[in-house]
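# Residue-level structural notes
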Amino acid sequence: MPSFDEVLKEAGEFGRFQKRVFFLLSQTGITFSSLFASVVFLGRAPDDFWCRIPGAAELSERCGWTLEEERNFTVLPLHLGNESVSGQCERLDVTWDTSASCASPLARCGNHSTGSLPLTPCHDSWVYEQPHSSIVSEYDLVCGNAWMLDFSQAILNLGFLAGAFILGYAADRYGRIPIYLLSCLGVGICGIIVAFSPNFTVFLIFRFLQGMFGKGTWMTGYVIVTEIVGSDQRIVGIVIQIFFTLGIIILPGIAYLIPTWQGIQLAISLPNFLFLLYYWVVPESPRWLLTRKKGEKALKIMRNIAKHNGKFLSPHYSEITISNEEVSNPSFLDLVRTAQMRRNTLILMYAWFTSALIYQGLVMRLGIIGGNLYLDFFISGAVELPAAFLIIVTIDRVGRRLPFAMSNIVASIACLITAFLPEGNSLPWARLFRPMAPLWHPLSKDNIPWLKTTLATLGRLSITIAFEVVYLVNSELYPTTLRNFGVSLCSGLCDLGGIIAPFLLFRLAAIWLELPLIIFSILAAVCGLLVLLLPETKGISLPETVEDVEQLPRYEMYFLTYTWMRFPEDVLLQLYQLS
């Protein structure tokens with residue numbers, strides 16, 4: 001009986017059918033990236049807000065004032081003797097007499113002089129110029145409640161993490177397409193509820209669920225694409241991530257055209273309902289069907305693929321080789337039970353964690369242009385576009401491991417140099433190289449910020465390359481029976497990195513502004529060395545079983561780093577042999 005890869009070559013490894021499926025599932029990347037980065041616009045800080053003093057609302061209604069007039073008459077006059085009070089997080093502890101004169105209300109604000117009025121924190125009395133422009137103004141996430149905005153993003157990342165475990169497991173057990181469609185439905189429904197949440201608690205609950213289902217759409221769609229193409233065409237796993245970047249680029253345009261956060265939320269959620277139409281055009285993964293002992297269904301799909309690709313399967317293709325591995329539900333132990341699987345899993349988990357931590361850390365730190373938020377965000381997304389093209393040019397020529405390692409090393413060097421660039425007039429060590437003075441001239445006080453920006457951009461580009469390669473390598477290093485679960489589980493460390501990144505960045509920056517860059521540099525350098533221990537998967541068929549993974553070429557030359565991941569008896573045996 002022919003193997004699946006032999007039948008796939010006969011039917012076409014990347015014909016018209018695969019291109020159609022690839023294009024359709026790639027659209028998921030646009031909606032997922034919009035969800036991933038939406039907090040930037042959903043949580044925009046209000047342009048201006050102030051704390052309403054008790055009684056001022058009734059007085060304003062009786063007098064027919066606008067909000068600006070209410071503020072001018074009831075808030076600003078009281079601050080003339082209290083210039084240190086902004087009127088945002090604290091207010092003067094007075095109550096307006098609702099019967100005061102509309103022409104001169106200040107005369108009846110109390111018995112205190114305006115210079116000695118006591119202060120009190122503001123609670124639930126904020127007034128915003130644009131009350132529905134963001135969730136900050138919608139749910140009063142200002143002043144003492146400002147931490148709740150960061151918490152909402154952490155909740156979204158927790159949803160991603162839950163989706164990686166729950167839906168990754170479900171896709172390997174129940175099939176790729178059912179879980180993909182369920183996830184699309186879940187993202188759409190939860191997105192609508194988020195947009196019309198009556199309070200912040202409901203917002204957080206369905207934000208979590210939307211993150212969970214969103215991760216299901218992205219990861220499952222990615223796995224389907226990589227499983228229906230030949231080994232020489234799996235670079236589509238990199239190309240599909242261009243659509244993720246397109247979502248980042250498109251998002252500021254959506255936010256610019258839609259003035260309310262509810263509108264933005266609906267705009268990035270409703271398109272997921274359109275993906276339900278894929279039920280009629282995207283088949284189940286034939287690789288997955290073979291692992292579940294459903295060879296007839298898999299062969300039927302392969303004949304359909306051949307028909308759409310303008311090819312014809314030979315009549316003797318009546319069966320396809322089915323894995324002899326016993327069908328079982330995936331578990332974490334399956335990913336670490338054997339030496340090769342354990343090594344791959346631990347390295348990939350670290351690579352996912354490091355890539356996410358550095359990526360989000362650099363995004364938050366970047367702030368390279370300032371001014372227009374929409375333009376800044378667009379440019380920061382556009383910086384990522386060259387990453388996919390650089391990978392496409394190199395990955396089929398030099399393999400996966402070298403670009404994977406070098407991107408981490410370059411990111412490490414960029415972060416390290418940026419951390420030690422001084423803020424003074426010139427580099428302190430430049431005087432040691434006076435003959436090369438023309439080279440140091442650009443590093444003047446005026447140009448060092450520009451140089452830091454360039455290095456930060458280089459670091460962002462490099463870590464984006466690492467991020468995109470880990471997707472491809474992860475899917476190539478797990479057998480079909482564990483692929484979706486393995487990719488989802490390892491990528492769950494990405495979400496953990498996303499949760500930790502803001503806390504790590506701001507806490508370390510409070511000690512020394514450049515300290516986070518030092519940590520990023522160390523993490524990236526270690527990752528760059530570790531990924532060299534992974535097998536090279538260029539031109540190799542996707543493994544179908546754990547045994548196939550164990551037979552992938554090993555790199556024993558990296559003995560010292562490799563042996564610590566093996567059982568102690570393996571380490572002792574090799575030490576004995578060396579002695």
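Reference entry: report on the structure contained in this document.

Turning next to the overall build of the protein chain. On a plain count of helices and strands, the protein chain comes out with 26 helices and four strands. Taken over 579 residues, the protein chain has a buried fraction of 56%. For the protein chain, long-range pairs separated by at least 24 residues make up 81% of all intrachain contacts whose partners lie at least 6 apart in sequence.

In this section: the side chain of Glu227. In this fold, Glu227 is placed in helix H9 (residues 200-227). Classification of Glu227 by relative accessible area gives buried; the value is 0%. Discounting residues that sit within four places of it in the chain, Glu227 has contacts with Phe4, Arg176, Ser285, Arg287, Thr480, Arg483 and Leu542.

Its location among the elements puts Pro121 in strand E3 (residues 119-121). Taking C-alpha positions, Pro121 is 9.2 Å from Gly144, a pair spaced 23 residues apart along the chain.

Mapped onto the secondary structure, Asp47 falls in the loop between helix H3 (39-42) and strand E1 (49-51). For Asp47, a relative accessible area of 62% gives the class exposed. Separated by 86 residues in the primary sequence, Asp47 and Ser133 have C-alpha atoms spaced 9.8 Å apart.

What follows is about helix H17 (residues 373-382). Every buried residue belonging to H17 is among Phe377, Ser380 and Gly381, and all of these are buried. Down the axis of H17, the smallest arc covering the buried residues is 100°, so these residues share one side.

By the element assignment, Ile228 lies in the loop between H9 and helix H10 (236-257). Filtering out sequence-adjacent residues up to four positions away, Ile228 remains in contact with Leu8, Glu13, Gln18, Val21 and Pro286.

Calculation notes
- Residues numbered from 1 in each chain as written.
- Predicted model: local features only at pLDDT ≥ 70, side-chain atom pairs only at ≥ 80, totals over all residues.
- Heavy atoms only, no water.
- Helix = DSSP H or I, 4+ residues; strand = E, 2+ residues; numbered from the N terminus.
- Buried < 20%, exposed > 50% of the residue type's maximum accessible area, 1.4 Å probe, protein only.
- Contact = heavy atoms within 4.5 Å.
- Arc of directions from axis to C-beta.

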